[in-house]
Every structure is written in structure tokens, then in C-alpha cells.
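Structural description and commentary
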Amino acid sequence: MKKYIIIVAGGKGLRMGGEIPKQFLPIKGKPVLMRTLETFSICDETIERIVVLPVDQQDYWKHLCKIYGFTLSHRIANGGETRFHSVKNGLALVEDNALVGVHDGVRPFVSSKVISECYRMAEVSGAAIPVTDVVETLRQVTENGNSQTVPRNCYKLVQTPQVFLSSLLKQAYSQPYTSCFTDDASVVEAWGHRVELVEGNRENVKLTTPFDLKLAEMILS
Ligand SMILES: Nc1ccn([C@@H]2O[C@H](COP(=O)(O)OP(=O)(O)OP(=O)(O)O)[C@@H](O)[C@H]2O)c(=O)n1
Ligand SMILES: C[C@](O)(CO)[C@H](O)COP(=O)(O)O
């Protein structure tokens, strides 16, 4: 079955701050987004790559590719108002009867094993996402500033790539947007399809704050 990956990098990166959008920041001398694209290419060169970028960043990205001699092929789609809208724009370039993954452009450290397992499981079940265990005690904040410990084994931390049959993901993304749609699994579940869980890798952090950049440098050292 043909495989696609939509790499979303259409966000504002407000929590990271700074002048340069976080997907272009260099880690150990190479921009994050190039590392993410390479990770998928190393795992499986046959996966067709689609990168979603804000319209006003696309020329800068092409310029960066020239400077760094980055030649991995990919198509570009326009970023949208929210992650949901960015994914939807990327999906417009995907054909039916295929497998399609959606991955955050700022998660450069996903392992080949996790990528392969998500595509394998999605081919079997239609929908698969990587998750990791909660490794610390978890506390829920309740009313009046109170809080209580909750059973951590009832929760998982969710990563990407989230992989689906393309026809299913397109149907799910035809639903009207709601703010509960923080990932692709939530969209597919709202459409009424079960999502299978695959073991993720802990290095697969989403580079969200300046602290995560330090973590990224450490992971690569
Ligand atoms: N309109 C949007 C919003 C987010 N994303 C992408 O979705 C991924 C996960 O989002 P997050 O890391 O939270 O990025 P931002 O929304 O950019 O961050 P912030 O909330 O701090 O502004 C990122 O790769 C981001 O570029 C996107 O493609 N289009
Ligand atoms: C899709 C995601 O990366 C799964 O963990 C996450 O939901 C996106 O992050 P955001 O901070 O909610 O945009």
C-alpha cells in the first residue's frame, strides 16, 4: 500500500518564542525540520513526504534547503489557522487507498521502529498512534485549589506519527473543527473509529519550549 507522511510545521511556536520559527532552529548545526524529514527517509525511502508550512515561511524554507544542500524530495502545503486546518491542507495532496501518517515537524527523534510499527498497525486496524507510559506520580487539580493523586496507569502520553487509512482520515477531517481536536486520533475517534496504541519512544519529544532545545542537544550528544 502506498504510504504518505504529512509533516506539520504550520504553527506559531509561541511557547518557544524567539525570532526564528522553531522548526528552522538548528540542533547540532542542522535545522529541526530537516532532521525530521531525514528520520522518515532513513526509516523508509518509499514514504512520500508532504511538509505543511505557513505561506510566508515557504520561501525561507526553500532558501534554507539551498544553503544546507538539503535535497530530500517533498511537496509543500499551506499552513492553516490551527493544526487541524494544517493537516487538512496536507491531506488534500494525499490519494485514497493509501496509508497516511501525520507527524509534528518538531519531533525529530522518533525511532524507525516506532514509525514502522505505526504504519504496520494502521494497515491492520485503520488507525494507530504511539504513546508512552506516565513515569511519575500524576495529580489532578480539583476545585478550590485542592488536588489529588490519580492512577497513572489510566493515562498515556500521546506522540506522533499518527497513522491511518487515508480514506478514513479524509472522512474524519470532513467534520467541523472543534477545539477538542488536539491531535489526529481525537478527530478519527469523533468520527467513530477506534484507535490502536503502539509503544512510542521517550526521545520522541515535541520541541515546545527553550528547555526542549537543550534536551535535543543532549539527545544528539
Ligand atoms: N496552525 C498550526 C498549528 C500547529 N501546527 C503544527 O503542529 C505541531 C504541534 O504543535 P505545537 O508544537 O504545539 O506548535 P505550535 O502551535 O507552533 O506551538 P505554540 O502552541 O507554542 O504556538 C507543530 O509541528 C506545529 O508546527 C501546524 O502545522 N499548524
Ligand atoms: C499532536 C500532539 O503532538 C500529540 O501529543 C499534540 O497534541 C500537539 O500539541 P499541542 O501543543 O496540543 O499543539
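Residues numbered from 1 in each chain as written. Chains lettered and ligands numbered in written order. Predicted model: local features only at pLDDT ≥ 70, side-chain atom pairs only at ≥ 80, totals over all residues.

**Concerning the overall build of the protein chain**
For the protein chain, the count of helices and strands is 7 helices and 12 strands. The C-alpha atoms of the protein chain give a radius of gyration of 17 Å, which matches the 17 Å a tight globule of 221 residues would have. The dimensions of the protein chain, computed from C-alpha atoms along their principal axes, are 55 × 40 × 30 Å. For the protein chain, the proportion of its 221 residues judged to be buried stands at 34%. (Helix = DSSP H or I, 4+ residues; strand = E, 2+ residues; numbered from the N terminus. Rg over C-alpha atoms; globule rule 2.2 N^0.38 Å. Buried ≥ 20, exposed ≤ 12 C-beta atoms within 10 Å, placed from the backbone.)

**What to know about the UniProt feature "site: Transition state stabilizer" (unreviewed entry) in the protein chain**
Here, the residues flagged by UniProt with the feature "site: Transition state stabilizer" (unreviewed entry) are Arg-15 and Lys-22. Relative to the assigned elements, Arg-15 resides in the loop between strand 1 (2–8) and strand 2 (26–27). Owing to 12 C-beta atoms within 10 Å, Arg-15 belongs among the exposed residues under this scheme. Residues within four places of Arg-15 in sequence aside, it is in contact with Thr-208 and Thr-209. (UniProt positions renumbered as here; feature names shortened; annotations may be inferred. Contact = placed C-beta atoms within 7 Å.)

**Topic: the site of ligand 2**
Residues in contact with ligand 2, as listed here, are Arg-83, Asp-104, Val-158, Gln-159, Thr-160, Thr-182, Asp-183 and Lys-206. Split into classes, the residues belonging to the shell around ligand 2 amount to 1 nonpolar, 3 polar and 4 charged. (Near = placed C-beta within 6 Å. Nonpolar A, V, L, I, M, F, W, Y, C, P; charged D, E, K, R; others polar.)

**Topic: the site of ligand 1**
Around ligand 1, the structure places 20 residues, and the nearest of them are Val-8, Gly-10, Gly-11, Arg-15 and Ser-86. Looking at the shell around ligand 1 residue by residue, the classes come out as 5 nonpolar, 9 polar and 6 charged.

**Looking at the pairing of strand 9 (residues 147–150)**
Where strand 8 (residues 138–141) and strand 9 come together, 4 bridges link them in antiparallel fashion. The residue bridging Gln-140 from the neighbouring strand is Gln-148, located in strand 9. The antiparallel pairing of strand 8 with strand 9 creates a hairpin that spans 5 residues between the two strands, and Asn-144 there sits at a positive phi of about 55 degrees. (Pairing = 2+ DSSP bridges.)

**Thoughts on the confidence of the model for the protein chain**
Put simply, the protein chain has an average pLDDT of 97, and 100% of its residues get 70 or more. Predicted as a complex, the structure gets a pTM of 0.98 and an ipTM equal to 0.97. (pLDDT = per-residue confidence, 0-100.)

**A closer look at the environment of Leu-197**
With respect to the helices and strands, the residue Leu-197 is situated in strand 12 (residues 196–199). The sequence separation of Leu-197 and His-85 amounts to 112 residues, and the corresponding C-alpha distance is 24 Å. Each residue touching Leu-197, except ones within four places of it in the same chain, is listed here: Ile-129, Val-131 and Lys-156.

**Looking at unusual backbone geometry**
Residues other than glycine predominantly adopt negative phi, and peptide bonds predominantly adopt the trans conformation. Each neighbour pair has its own omega, and for Thr-160 with Pro-161 the value is 15 degrees, a cis peptide bond. Among the structural elements, Pro-161 can be located in the loop between strand 10 (156–158) and strand 11 (162–165). Here the phi dihedral of Lys-28 falls at roughly 45 degrees; this positive angle occurs in a residue that is not glycine. Of note, Lys-28 is situated in the loop between strand 2 and strand 3 (30–31). For Asn-97, which is not glycine, the phi torsion reads 55 degrees and is therefore positive. With respect to the helices and strands, the residue Asn-97 is situated in the loop between helix 3 (83–91) and strand 6 (98–104).

**Some remarks on the packing of helix 1 (residues 32–43) against helix 4 (residues 112–125)**
It is the contact of helix 1 with helix 4, at a shortest axis distance of 9 Å, that shows an interaxial angle of 65 degrees. Classified by the angle their axes make, helix 1 and helix 4 are roughly perpendicular. Once helix 1 is placed against helix 4, the crossing between them reads as right-handed. On helix 4, the residues touching Phe-40, Ile-42 and Cys-43 of helix 1 are Ser-112, Ile-115 and Ser-116. Tallied by class, the residues present in the contact of helix 1 with helix 4 amount to 4 nonpolar, 2 polar and no charged. (Axes fitted to C-alpha atoms, helices over the stretch in contact; angles between N-to-C directions. Parallel < 35°, antiparallel > 145°, perpendicular 65-115°, else oblique. Left-handed = near helix turned anticlockwise from the far one by under 90°.)

**Here's the deal with helix 4**
Because an α-helix completes one turn every 3.6 residues, residues spaced three or four positions apart along the sequence face the same direction. For helix 4, which comprises 14 residues, the first-to-last C-alpha distance of 20 Å matches the rise-based estimate of 20 Å (1.5 Å per residue) to within 8%. Turning to helix 4, the residues buried within the fold contact strand 1, helix 1, strand 6, strand 7 (127–133), strand 11 and strand 12. Where helix 4 ends, the next residue or the one after it, Gly-126, has phi of about 100 degrees, a positive value. (Expected span 1.5 Å × (residues − 1).)

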